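In case you want the letters, here they are:
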Amino acid sequence: MKITDAKVFVGGPGKNYVTLKIYTDQGIYGLGDATLNNRETLPAKYLEDYLIPCLIGMDPRRSEDIWQYFYRSTYFRRGPITMSAIGAIDMALWDIKGKIAGLPVYDLLGGKSRDGALVYAHATGSDLDQLIDSMSYYREQGYTAIRVQCGIPGMPTPGYGIAGKDEDARHYITKYGALPDLEIWDTGKYLRYMPKVFERLRAEFGDELKILHDVHHRLLPREAAAFAKEVEPFDLYWLEDPTPADDQTSLRLIRQHSTVPIAIGEVFNSLWDCRQMIEEELIDFIRIAATYGGGITHVRRIVDLAAIHHVRTGFHGAPSHSPISMAAQAHLNAWAPNFGIQEYLVLGTEACDALFPSDHHYAEGEFHVSDAPGLGVDFDEKEAAKYAYSRGYHPVVRLTDGTMWNY
Ligand code: CS2
Ligand code: MG
């Protein structure tokens, strides 16, 4: 069996999805996702100019060897662009393999460990009342786990993941400007107000609801340790990205002072970014995505290392991931003995479903993986022709005195 061709498509409804389609001499094709949010043209070009020419003629069943070929032959290893490109190829090969075998990818990994995978929704509010309204809406939709982001009184700009006053907080998705928007961050205001938010949410929603919160890399290690200790009574399901995780050892301080579960990893692209924090058991959930994490082959390796160290999965599921990588993660979630939770936002708009038809679905707080052979997602090229690339940027963040900070 041979790979005969591969094509890259960039575009989608409101997103620049980077979709790879690999064709074989037996009529079977595979799909992969290389959407590197706000840098989408780079993995697309990397695939077209460098990887696809080598891929033609290879045997698609040899996914491990092909992964190693691209990882090792790149010479300048890792990085989000390289790993997204390799990841897309890897997903497409697992898709092909499943289709050859007539089995869903989860069966190739070791079979289902559960029927539905717990997911969390995003609730947001420019203030506490709007946040509570947004949370009530998701409770009604059956969610038992909700991430909460709340506007901070006096904060100069709304902040990460927070809807403006006049926006629809129930369906809020971060918008990216044609040039970077500016956000102003005041750590003191955040640290003083956020514990009050959790206290009110517990009083409002009781003890059962799983409450998650994303700090989005904004705190220093000492601040994060103090904050984690302070919010311990409110029993968070997780505290995400309390510090930028470039320095893995800074997490030790948080661990020494608090037992609040820590979730990190959405910006990682390899095992080497999280090896120390997993081996030292400094985190509780690993958030790497199949897209930037080198696909199923590499993420599975991370999941196995994590399992030995009591670290569970909590894969990234921002809207920038196409339904193809969400499917790759759904198969990992169905199999992983150390599955924790899945962030869930991407599927469900009519335009997105038309572009990526599938029977993966959400029901009652859980994600149900498709039982179709392969990844269980298709790609409609006629629909794809409707969309064009449009450049976007993540916001930039400055402190109140103008100092650059972490988005
Ligand atoms: C976020 C992301 O989903 C999350 O937890 O941190 O929305 C993140 O901001 C984006 O993926 C950045 O591209
Ligand atoms: Mg996050």
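Treat the numbers as computed from the prediction; the structure is a model and nothing was measured. (Residues numbered from 1 in each chain as written. Chains lettered and ligands numbered in written order. Predicted model: local features only at pLDDT ≥ 70, side-chain atom pairs only at ≥ 80, totals over all residues. Heavy atoms only, no water.)

Participant: If you had to explain the overall build of the protein chain to someone new, which residues and values would you point to?
Facilitator: When you go through the protein chain residue by residue, the secondary structure sums to 13 helices and 16 strands. Computed over the C-alpha atoms, the radius of gyration of the protein chain is 21 Å, within 12% of the 22 Å expected from 2.2 N^0.38 for a compact globule of 407 residues. Counting only C-alpha atoms, the protein chain reaches 60 × 45 × 40 Å along its principal axes. Looking at the protein chain as a whole, 59% of its 407 residues qualify as buried. When contacts within the protein chain are restricted to residue pairs at least 6 apart in sequence, those whose partners lie at least 24 apart make up 73%. (Helix = DSSP H or I, 4+ residues; strand = E, 2+ residues; numbered from the N terminus. Rg over C-alpha atoms; globule rule 2.2 N^0.38 Å. Buried < 20%, exposed > 50% of the residue type's maximum accessible area, 1.4 Å probe, protein only. Contact = heavy atoms within 4.5 Å.)

Participant: Which residues make up the packing of aromatic side chains, and what values do they have?
Facilitator: Scanning the entire structure with this criterion turns up 19 aromatic pairs. With a centroid separation of 5.1 Å and an interplanar angle of 80 degrees, the aromatic rings of Tyr75 and Phe76 are classed as edge-to-face. Of the two residues, Tyr75 and Phe76, neither departs from the other in class, the shared state being exposed. Three or more aromatic residues link up through ring pairs in this structure, and these residues are Tyr137, Tyr138, Tyr143, Tyr344, Tyr362 and Phe367. Over the ring of Tyr29 we find Lys21; its NZ or CZ atom is 4.2 Å from the centre of that ring. A cation sits over an aromatic face here: Lys99 above Tyr29, 4.3 Å from the ring centre. (Phe/Tyr/Trp six-rings, centres within 6.5 Å; stacked < 30°, edge-to-face > 60°. Lys NZ or Arg CZ within 6 Å of the ring centre and 35° of its normal.)

Participant: Describe the site of ligand 1, and please don't skip the residues or the numbers.
Facilitator: Near ligand 1 there are 14 residues, and of these Tyr160, His216, Glu266, Glu343 and His394 occur at the shortest range. Separating an oxygen atom of ligand 1 from a side-chain N or O atom of Asn37 is a distance of 2.8 Å. One of the side-chain N or O atoms of Asp214 is found 3.0 Å from an oxygen atom in ligand 1. For ligand 1, whose accessible area on its own is 340 Å², the fraction buried by protein is 92%. Of the residues that constitute the shell around ligand 1, the class distribution is three nonpolar, five polar and six charged. (Near = heavy atom within 4 Å. Polar contact = N/O pair within 3.5 Å; in protein donor to acceptor, adjacent residues only side chain to side chain. Areas by Shrake-Rupley, 256 points an atom, 1.4 Å probe, with all protein chains shown as cover. Nonpolar A, V, L, I, M, F, W, Y, C, P; charged D, E, K, R; others polar.)

Participant: Please set out the sheet that holds strand β3 (residues 29-33) residue by residue, giving values where relevant.
Facilitator: In a beta sheet, neighbouring strands are held together by backbone hydrogen bonds and run either parallel or antiparallel to one another. The strand order across the open sheet built from three strands is β1-β2-β3, with neighbouring strands paired in antiparallel fashion. Sheet topology places β1 (3-10) and β3 at the edges, where each strand pairs with a single neighbour. Strand-to-strand twist in this sheet, taken as the mean axis angle between neighbours without regard to direction, amounts to 20 degrees. Along the sheet face, helix α1 (residues 41-55) touches β1 and β2 (18-24) and points at about 175 degrees away from the line of β1. (Pairing = 2+ DSSP bridges. Axes fitted to C-alpha atoms, helices over the stretch in contact; angles between N-to-C directions.)

Worth remembering: the numbers are spatial, not functional.
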